[in-house]
Amino acid sequence: MKNVKLRPNQRLRLKCNARSPSPMRISWFKDGVPIRRSRRVRIKNKKRKRLMRSTLIIRRATESDVGEYVCRAKNKDGSRSQKSRVTMPNRPSDVQLVGEPCDIPYCMNGATCTLFRAVNEYVCECDEGHKGVRCQLSAVVTIKPPGVAAISTAEYRPLVLVMAGLSLLLLFVVLVAVLCTYRKRREGDEKSAVALAGSKNGAAMRPASRRHSTASEGRNQQVSPWRRCHSSTELSAEAPAAALPSAASVQQLDSLLHSLGADSSARPAAGPTSIPKMLSQ
């Protein structure tokens, strides 16, 4: 690795490459102290076959970042290291920095802008709720009540699992309710369709039966004249014998005709059956 000269608020980037046929691990140290990741410090490791590349990135470097950096690669066979010296020539200890208001609108969201002529650098002091080099990003502000300890990620994990389980259970219950409602509605529609079909069939059968009865009545009424005559003849033939004149009435009629002087020879022979025959003709 090469030595690096930095300016205030400049990004520091150090690269370290190592090759080994067996698995290895790369660690970073500053002045003998292990470097840990944070919001400002990032470590990227990429492995490709036997080659591993590690990059150390520090945003907005300050005087505290000046020192000796060591990249150490270690495996089961041993370890090797590379060193780099990071310096800041224009440190505040060497040059007195005097800030003045910025001559251009550099900072955003109402941040205070300061220009350092000695290093030609613009520095923004962000208000609460903003972050970034120019205070262009919104920051999430966490308000913690006094006396309440911070909760670590490991303590949040069981709560997250419980909430996820409850959400899945609620989703399952909602799906079952929707399926039951759909099934009941479908059964109701099927029953309504069957009832409607039955009512239509009954309505269609009633007019047909009525038409059949009307047609039969019409056929009974449309009787031929010959049949009417035959039926009337049968009725007259079946008339009771009591409707014919009796023998006493016939004798009275004969005596009346004889008294009037009617010709007895012109009349038919007296008999109980002569009058009925004449009347029938």
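In what follows, the accompanying structure is described. This is a predicted model, so every value here is computed, not measured.

Strands sit in the order β9-β10-β11 across an open sheet of three strands; the sheet is antiparallel. The outermost strands of the open sheet, each flanked by one partner alone, are β9 (99–101) and β11 (121–125). Pairs of neighbouring strands in the sheet enclose a mean axial angle of 40°, with direction left out of account. Bridging between strand β10 (residues 112–116) and β11 involves five bridges; their strand directions are antiparallel. Within β11, the position partnered with F116 by the bridge is E121.

Take the sheet that holds strand β5 (residues 41–48) next. The antiparallel open sheet is built from three strands, whose spatial order is β2-β6-β5. Of all the strands in the sheet, just β2 (12–19) and β5 have a single pairing partner and so form its edges. Here the average twist between neighbouring strands, direction ignored, is 15°. The sheet contact formed by β2 and strand β6 (residues 51–58) spans eight bridges and is antiparallel. Bridging across to β6, R19 finds its partner in L51.

Cut-offs and rules
Residues numbered from 1 in each chain as written. Predicted model: local features only at pLDDT ≥ 70, side-chain atom pairs only at ≥ 80, totals over all residues. Heavy atoms only, no water. Pairing = 2+ DSSP bridges. Helix = DSSP H or I, 4+ residues; strand = E, 2+ residues; numbered from the N terminus. Axes fitted to C-alpha atoms, helices over the stretch in contact; angles between N-to-C directions.

The analysis is restricted to geometry; functional conclusions fall outside its scope.
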